[in-house]
Amino acid sequence: MNQYEMDDYVLPRRRSPWVLVGAGGTAAILLGGLLAFKKGNQNLSQHMMRARVVAQGATVALMAGTAGVASLGASDETAQPAPQSKRKNQSEMQSEMQSEMQ
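Note that the structure is a prediction, hence the values are computed from the model and not measured.

## Examining the side chain of T26
Step number 1: Within the secondary structure, T26 sits in helix α2 (residues 17-39).
Step number 2: Apart from residues no more than four positions distant in its own chain, T26 is found in contact with R52, A55, Q56 and T59.

Structure below.
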């Protein structure tokens, strides 16, 4: 299937809110660790930085997991063709592109 044919099909896209939650949690832990470091509490700062690494790893795992689930789910979903009025054949698209280039 070439790009022109793929443009005729629209698949719904879903985003996982958990990735955003993980990124926010990672940022919050990082901020807490930096504030602890600024106050001179090295022990708490070290623990917060370790927690940040764990949170960051969990966020990356969530990103990879949701991308994998989305790619598996995309093959199960049925793509809906665009309405006939919006579809163009390849020669119409090529002539339109040539006229835009001039």
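## Describing the confidence of the model for the protein chain
Step number 1: Chain-level statistics for the protein chain give a pLDDT mean of 79 and a share of 68% at 70 or above.
Step number 2: Element-level pLDDT for the protein chain is lowest in strand β1 (residues 9-10), with a mean of 52, against a maximum mean of 94 in α2.

## A word on α2
Step number 1: The end-to-end C-alpha distance of α2 is 33 Å, a good match for the 33 Å that 23 residues give at a rise of 1.5 Å each.
Step number 2: Turning to α2, its buried residues number three or more, namely V19, G22, T26, G33 and A36.
Step number 3: Within two residues after α2, G40 carries a phi angle of roughly 95°, on the positive side.

Rules and cut-offs
Residues numbered from 1 in each chain as written. Predicted model: local features only at pLDDT ≥ 70, side-chain atom pairs only at ≥ 80, totals over all residues. Heavy atoms only, no water. Helix = DSSP H or I, 4+ residues; strand = E, 2+ residues; numbered from the N terminus. Contact = heavy atoms within 4.5 Å. pLDDT = per-residue confidence, 0-100. Expected span 1.5 Å × (residues − 1). Buried < 20%, exposed > 50% of the residue type's maximum accessible area, 1.4 Å probe, protein only.

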